[in-house]
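Below, each chain spelled out in residue letters.
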Amino acid sequence: MSRIAAVQGALPPNRYSQDEIADAFARMCLPEGSGRALLDRLYAGARVGHRHLSLPLDRYGKLDGFGAANDAFIETSVELGAEAVCGALDAAGLAPEDVDMIMCTSVTGIAAPSVEARLAGRIGLRPDVKRVPVFGLGCVAGAAGIARVHDYLRGWPDHVAVLLSVELCSLTLQREDASVANMVAGALFGDGAAAVVLCGDERSPRAPDPAGSPGASRPPGRTGPAVVASRSHLYPGSGQVMGWEVGDTGFRVVLDPGVPDVVRTHLAADVHGFLAGHGLSTGDVTAWVCHPGGPRVLEAVAETLELPPGALDVTWHSLAEVGNLSSSSVLHVLRDTIALRPPPGTPGLVVAMGPGFCSELVLLRW
């Protein structure tokens, strides 16, 4: 097994209420003189209170095309990525030169050299660090990234690896697009980053500073959960329900209203089968680390898995506080769950879904 040594989140400083963002969306995306009843209903139904954005609100209307938005993506990604990775390493009692592999995932911008390459010299990663940039997994990439880093550490049990997720969803907003999909995305998604430090079986993190690290995922002297196993599943015939259409203006969201139905159709069998393979049932899971895909998706997850009241409270709280951060969201939920200190030795389950359409499950032991 590998072990999660620390999780650290990072958010841009520009924080706005849902009402402020709705007003800005209406100015940029709705035809002049049109009503906004549907827009207001979608923003209220998202159950998001506030979100952090890469740029001040008044700058979004001035972005001159995809190139300008992507330039902002690169600049902000490097800033947030450095904050998240350095914070996580510090919380784990490790230094940048201890890192043997770094995986970086994002689906909201393009960078070559990739984000982790731009970070390497800035934060002091070794020149021989292994780099794995990942694009295209979308919301599922936080869970899938933990799973793939775990796979790497099974082969290199004395190594330290870092998963970095940076998602700047606001920079993909399509101006002058009053489609329902664009309105839903504008109501739900926020910007943020997160980094996870994992150690192989033969590598333990050094003891952290007794004072701890602000925002760190674990109290001083406490190691994080072990990663036991993972499962990936692509659902046939569902590739059209979520993703991007890439055009001259950048990434245009594809978001089908049937996503909750796909969850209801497929997720329960996956979760029950995965847990049963380890001699467990849903009643044994003491903490559900679920991606906050949106209210209807979370309701579908709770319904199809027959979860007890309160099982997804950490996820609902994250959705209200920062919105859906795509792949970074489930890592923020993981950080907050670790801080609650689930009973030692009990199982936890990371659950995320994304384009494909697919799910990723990661079994933890607290």
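Residues numbered from 1 in each chain as written. Predicted model: local features only at pLDDT ≥ 70, side-chain atom pairs only at ≥ 80, totals over all residues. Heavy atoms only, no water.

Undergrad: Help me out: how do you make sense of the overall build of the protein in this one?
TA: Check the secondary structure of the protein and you find 11 helices and 13 strands. Judged by the C-alpha coordinates and their principal axes, the protein covers about 65 × 45 × 35 Å. Here the protein holds 366 residues, and 58% of them are scored as buried. For the protein, the exposed surface amounts to about 14,500 Å²; the carbon and sulfur share of it is 53%. Taking the average place of the 28 positive charges on the side chains of the protein and the average place of its 39 negative ones, the gap between the two points comes to 3 Å. (Helix = DSSP H or I, 4+ residues; strand = E, 2+ residues; numbered from the N terminus. Buried < 20%, exposed > 50% of the residue type's maximum accessible area, 1.4 Å probe, protein only. Areas by Shrake-Rupley, 256 points an atom, 1.4 Å probe, with all protein chains shown as cover. Lys, Arg positive; Asp, Glu negative; His and termini not counted. Charge placed at Lys NZ, Arg CZ, Asp CG, Glu CD.)

Undergrad: Got a minute to help me understand the packing of aromatic side chains in this structure?
TA: Aromatic ring pairs are described here by two measures, namely the spacing of the ring centres and the angle between the planes. In the structure shown here, the tally under the stated rule is 6 aromatic pairs. Centre to centre, the rings of F135 and F251 are 6.2 Å apart; their planes meet at 40°, and the pair counts as tilted. Taken together, the residues F135 in the loop between β5 (130-134) and α6 (141-155) and F251 in strand β10 (residues 250-255) connect sequence positions 116 residues apart. On the accessibility criterion, F135 (48% relative accessible area) is partly exposed. Joined through ring pairs, the aromatic side chains of F66, F135, W244 and F251 make up one cluster. Stacked on the ring of W316, the Lys or Arg R47 has its end atom at 4.0 Å from the ring centre. Its guanidinium or amino end placed over the ring of W156, K130 lies 4.9 Å from that ring's centre, counting from NZ or CZ. (Phe/Tyr/Trp six-rings, centres within 6.5 Å; stacked < 30°, edge-to-face > 60°. Lys NZ or Arg CZ within 6 Å of the ring centre and 35° of its normal.)

Undergrad: Which parts of the structure should I look at to understand the UniProt feature "domain: Chalcone/stilbene synthase N-terminal" (unreviewed entry) in the protein?
TA: Look at the UniProt record and you will see "domain: Chalcone/stilbene synthase N-terminal" (unreviewed entry) annotated at residues 4-201. Between the end C-alpha atoms of residues 4-201 the distance is 11 Å, and the span holds 43% helix and 22% strand. (UniProt positions renumbered as here; feature names shortened; annotations may be inferred.)

Undergrad: What should I look at first to understand the domain arrangement of the protein in this one?
TA: Note: interface size is frequently given as the accessible area lost on complex formation between the parts. If you check the domain split of the protein, you get domain 1 (2-200) and domain 2 (226-365). The C-alpha-based centres of domain 1 and domain 2 are spaced at 18 Å. Listed as interface residues are 58 residues of domain 1 and, on the opposing side, 45 residues of domain 2. When domain 1 packs against domain 2, the two sides together hide about 3,900 Å² of surface, and 65% of this comes from carbon and sulfur. (Domains from an automatic or database assignment. Contact = heavy atoms within 4.5 Å. Buried area = accessible area lost by both parts, 1.4 Å probe.)

Undergrad: Which parts of the structure should I look at to understand the pairing of β5?
TA: As paired elements, strand β4 (residues 101-105) and β5 share 5 bridges and run parallel to each other. Bridged to M103 within β5 is V132. Traced from β4 through helix α5 (residues 115-123) to β5, the parallel crossover comes out right-handed. (Pairing = 2+ DSSP bridges. Right-handed = clockwise from strand over helix to strand, strands pointing away.)

Undergrad: For this particular structure, what's the right way to read the sheet that holds strand β8 (residues 226-234)?
TA: Strand order across the open sheet formed by 9 strands is β5-β4-β6-β7-β1-β8-β13-β12-β11, with mixed pairing between neighbours. The open sheet has two edge strands with one neighbour each: β5 and β11 (287-290). The mean inter-strand angle of the sheet, taken between neighbouring strand axes irrespective of direction, is 25°. Here 5 bridges tie β4 to strand β6 (residues 160-168), and the two strands are oriented parallel to one another. Looking across to β6, one finds that C104 is bridged to L164. In this fold α6 packs onto β1 (2-10), β4, β5, β6, β7 (191-199), β8, β12 (347-354) and β13 (358-365), with an angle of close to 165° to the strand it touches most, β6. (Axes fitted to C-alpha atoms, helices over the stretch in contact; angles between N-to-C directions.)

Undergrad: Help me understand the pattern of salt bridges, please; the structure alone is not making it clear to me.
TA: Proximity of charged atoms lets side chains of opposite charge pair with each other. All told, the structure shown has 15 salt bridges when counted by the stated rule. Residues R126 and D100 are paired through a salt bridge, measuring 3.0 Å at the closest nitrogen-oxygen approach. With R126 in the loop between α5 and β5 and D100 in the loop between α4 (65-91) and β4, this pair connects stretches of sequence that are 26 residues apart. Taking relative accessible area as the criterion, D100 reaches 9% and is therefore assigned buried. (Salt bridge = Lys/Arg side-chain N within 4 Å of Asp/Glu carboxyl O.)

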